[in-house]
Amino acid sequence: MRIEPNLYLIGSGANGFDLTNAYDCNIYLFRSGDEYVLFDAGAGMDVEKILSVCQQDGIERNRIRHLFLTHAHGDHSGGVAHLAEHFPFQSYAGPDTARIVTDGDEDAVSLSHAREGGIYPANYIYRSHSIGHVLNHLDDIQIGNMSIETHFTPGHSHDHVSYLISGLNDKRYLIGGDAIFYGGKIVLQNTYDCSVPLSIQSIQYLATLDFDALLAGHLNFSLQNGKRHVESACAIIDQMGCPPSI
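Residues numbered from 1 in each chain as written. Predicted model: local features only at pLDDT ≥ 70, side-chain atom pairs only at ≥ 80, totals over all residues. Heavy atoms only, no water.

Asks: Pulling in residues and values, what's your account of the sheet that holds strand E1 (residues 2–4)?
Replies: Across the sheet, which stays open at both edges, the seven strands sit in the order E1-E2-E3-E4-E5-E6-E7 with mixed pairing between neighbours. Both outer strands of the open sheet, E1 and strand E7 (133–134), are each paired with one neighbouring strand and no more. Across the sheet, helix H1 (residues 47–56) lies against strand E2 (7–11), strand E3 (27–32) and strand E5 (64–68), angled at about 150 degrees from E2, the strand it touches most. (Pairing = 2+ DSSP bridges. Helix = DSSP H or I, 4+ residues; strand = E, 2+ residues; numbered from the N terminus. Contact = heavy atoms within 4.5 Å. Axes fitted to C-alpha atoms, helices over the stretch in contact; angles between N-to-C directions.)

Listed below in structure tokens is the structure:
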């Protein structure tokens, strides 16, 4: 689904636009010159739907050369091994995400508890896949005219990373993953590494960045004045409150 020049949504599940499998996060694709850059990989269930969206939008598989992950939760990284069978991408992630995905570490993403709680199907398997590039905080990757800045934003999970995109469409995009959502909301869940204090710190950090569009991991996205969602969360934080959970 083309969003605007050089930007597509090729995956989105039940907590988004019902474009692909219900378990998928929002999967964004940027075009930079002759290459496409993918952000997050979905859950890895019914990958054919993602391939169908690409075909409908005229996106050539062999030009999808890069994949960046925000964190290792199954709905964001479970599809890496599956998509790698169809797209010739190099993969990028923060150090903790890279280790989890490379090892296929289901305990690190609380998957056994998620299956027991019915959040994932009982037969869901988290497939491992080697991550080629490990990113550090403030690393800046240049792909064509596109600049991708790495910003560590733990809280939703210990390994969460957000990306600041510039050089395309005369605007700056924040790939916020699950750090912040439309309306200034967050996700609170009963997992060992979900932290309200760290989520708040990361939101306050995101408020120091300059961006126009917010591309969140679920729900809606904002192409203009996207920073207002971070500012809405900060207004609650300033009153000693916690942003609401989706």
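Moving on from the model shown.
Asks: Now, about H1: what can you tell me, with residues and values included?
Replies: Buried residues of H1: Val-47, Ile-50, Leu-51, Val-53 and Cys-54, and no others. Along the axis of H1, the buried positions cluster into a sector of 155 degrees, meaning they face one direction only. In H1, the exposed positions angled more than 90 degrees off the buried face are occupied by Glu-48, Gln-55 and Gln-56. Lining the buried residues of H1 we find E2, E3, E5 and helix H3 (80–83). Immediately downstream of H1, the backbone of Gly-58 shows phi near 70 degrees, a positive value. (Buried < 20%, exposed > 50% of the residue type's maximum accessible area, 1.4 Å probe, protein only. Arc of directions from axis to C-beta.)

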